[in-house]
Amino acid sequence: LPDLDADAREGAARAYLARPGHDLTPGEQAEILAETLAVLDDPGLGAVFGPGSRAEVPLVAMAGGRVVSARIDRLLVTETEVLIADFKTNRPPPERLEDVAPGYIRQMAGYRHALQDLYPGKTVRCALIWTLGARLMEIPAPLMDGAEP
């Protein structure tokens, strides 16, 4: 959907969600549609879905002496920085960093460590996108520095 014009997204999403293979009720389709469009239309998340950003980026690298094999949900590389974003669907999502599951912090720390090696000289930032409420929560570098990937 991010690659479509904003005015074409709703129709494409409705058609996708209505496919029989998904076995979604009309209410479930409406809920998923609203949540998805809220994330895509949120101005605070614009860069993550804007020009030059990529979706489902495969990653295989060493981080902290371990092999990291994953798909990064959203990746944006600019001249000066790298932004990694991962979607989370927790219900309800945490409001404070202190309440984020430690596994999520370790996951992002692993991604960050691997991409620091791939993009030396660039600042690597990581964020979680809570789909309920369309909220981006950046993970501070010091918090990831203390997490073992």
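Above this text sits the structure in question.
Digging into the side chain of Asp-73
Thinking step 1. Here Asp-73 lies in strand 2 (residues 66-77).
Thinking step 2. Here Phe-87 takes part through its backbone nitrogen, which lies 2.7 Å from a polar atom of the side chain of Asp-73.
Thinking step 3. In this view, Asp-73 contacts Arg-54, Ala-55, Glu-56, Ala-85, Asp-86 and Phe-87; residues no more than four positions away in its chain are not counted.

Quick notes on the pattern of salt bridges
Thinking step 1. Taken as a whole, this structure holds eight salt bridges when the rule is applied.
Thinking step 2. Among the salt bridges present, the one from Asp-41 reaches Arg-9, with a minimum N-O distance of 3.9 Å. On the criterion of sequence distance, the pair formed by Asp-41 in helix 2 (residues 26-41) and Arg-9 in helix 1 (residues 6-17) is long-range, its members being 32 residues apart.
Thinking step 3. Counted as one network, the salt bridges with shared partners bring together Glu-81, Arg-125 and Glu-138.

About the thresholds
- Residues numbered from 1 in each chain as written.
- Predicted model: local features only at pLDDT ≥ 70, side-chain atom pairs only at ≥ 80, totals over all residues.
- Heavy atoms only, no water.
- Helix = DSSP H or I, 4+ residues; strand = E, 2+ residues; numbered from the N terminus.
- Polar contact = N/O pair within 3.5 Å; in protein donor to acceptor, adjacent residues only side chain to side chain.
- Contact = heavy atoms within 4.5 Å.
- Salt bridge = Lys/Arg side-chain N within 4 Å of Asp/Glu carboxyl O.

In short, geometric facts, not functional conclusions.
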